[in-house]
Amino acid sequence: MVNVPTIRRLSAADAPRLADLMTAYRRAMGGPAEAMTPEQATPLIERALSEPDLLLLGADHGGALAGFALAFDLPEIISGSRAGQLDDLFVMPEARGSGLARALIGQLAEIGIARGWTHLRWLVPQDNLTAKRLYLSIADPAPWDSFRIELSQSRSI
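The rules behind the values
Residues numbered from 1 in each chain as written. Predicted model: local features only at pLDDT ≥ 70, side-chain atom pairs only at ≥ 80, totals over all residues. Heavy atoms only, no water. Helix = DSSP H or I, 4+ residues; strand = E, 2+ residues; numbered from the N terminus. Rg over C-alpha atoms; globule rule 2.2 N^0.38 Å. Buried < 20%, exposed > 50% of the residue type's maximum accessible area, 1.4 Å probe, protein only. Contact = heavy atoms within 4.5 Å. Areas by Shrake-Rupley, 256 points an atom, 1.4 Å probe, with all protein chains shown as cover. Lys, Arg positive; Asp, Glu negative; His and termini not counted. Charge placed at Lys NZ, Arg CZ, Asp CG, Glu CD. Axes fitted to C-alpha atoms, helices over the stretch in contact; angles between N-to-C directions. Parallel < 35°, antiparallel > 145°, perpendicular 65-115°, else oblique. Left-handed = near helix turned anticlockwise from the far one by under 90°. Phe/Tyr/Trp six-rings, centres within 6.5 Å; stacked < 30°, edge-to-face > 60°.

The name that an unreviewed UniProt entry assigns to the chain is GNAT family N-acetyltransferase, with the source organism given as Rhodovulum viride.

What follows is the structure, encoded as structure tokens:
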């Protein structure tokens, strides 16, 4: 029997486990090493529950929250419609390969279809070859490059 991941909107009760996931994600992405607390995770959950344009989904695996996706419903000027922007996607290392990332993206795609999005887009670190293999199996590469300005550093523009 195949274990089908459960994808759902997160609730306030998920704050302790979401804090653990956010800590692991930050560390994996080279962010601050200090642990996130449930008190830091709670406002994100509350905001996602109150703002329909902010989507915070969780993936349950083996009876525990093992992954999350944070996405935005945004205006899309070229089409005059809306699009989805997947901002963060993370699955705990012990749950990788179980289909959670694919299921999270699939749920966002279903939400997008229901909302009339023209597309769902996301960024991936250039060196994350495992993620890229998954993404190439379910999506087409976007025809643009990504740039950013570190706002914590003074810079003349």
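From this point, things continue past the structure.
(A) Layout of the overall build of the chain. Within the chain, the regular secondary structure consists of four helices and five strands. When its helices and strands are written in sequence order, the chain yields β-α-α-β-β-β-α-β-α. Since a compact globule built from 157 residues should have a radius of gyration of about 15 Å, the 16 Å found for the chain is in line with a globular shape. Across its three principal directions, the C-alpha atoms of the chain cover 45 × 45 × 35 Å. For the chain, the proportion of its 157 residues judged to be buried stands at 35%. Summarising the internal contacts of the chain: among those between residues at least 6 apart in sequence, 56% fall at separations of at least 24. For the chain, the accessible area works out to roughly 10000 Å², and carbon and sulfur atoms hold 56% of it. The chain carries 15 positive and 18 negative side-chain charges, and their two centres are separated by 3 Å.

(B) The arrangement of the packing of helix α3 (residues 100-115) against helix α4 (residues 129-138) in detail. Packing of α3 against α4 leaves a shortest axis separation of 11 Å and a crossing angle of 45°. Considered as vectors, α3 and α4 are oriented oblique to each other. Both α3 and α4 take part in a crossing whose hand is right-handed. Contact residues: Ala101, Arg102 and Ile105 in α3; Leu134, Tyr135, Ser137 and Ile138 in α4.

(C) Local environment of the packing of aromatic side chains. Within the structure shown, the criterion is met by four aromatic pairs. With a centroid separation of 5.7 Å and 90° between ring planes, the pair formed by Tyr25 and Phe68 is classed as edge-to-face. Of the two residues, Tyr25 sits in helix α1 (residues 15-28) while Phe68 sits in strand β3 (residues 64-76), which places them 43 residues apart along the sequence. Among the residues examined, Tyr25 registers a relative accessible area of 15% and is labelled buried. Ring centres 5.3 Å apart and planes at 75° place the aromatic pair Trp122 and Tyr135 in the edge-to-face group. Taken together, the residues Trp122 in strand β5 (residues 117-122) and Tyr135 in helix α4 connect sequence positions 13 residues apart. One aromatic cluster in this structure is built from Tyr25, Phe68 and Phe90.

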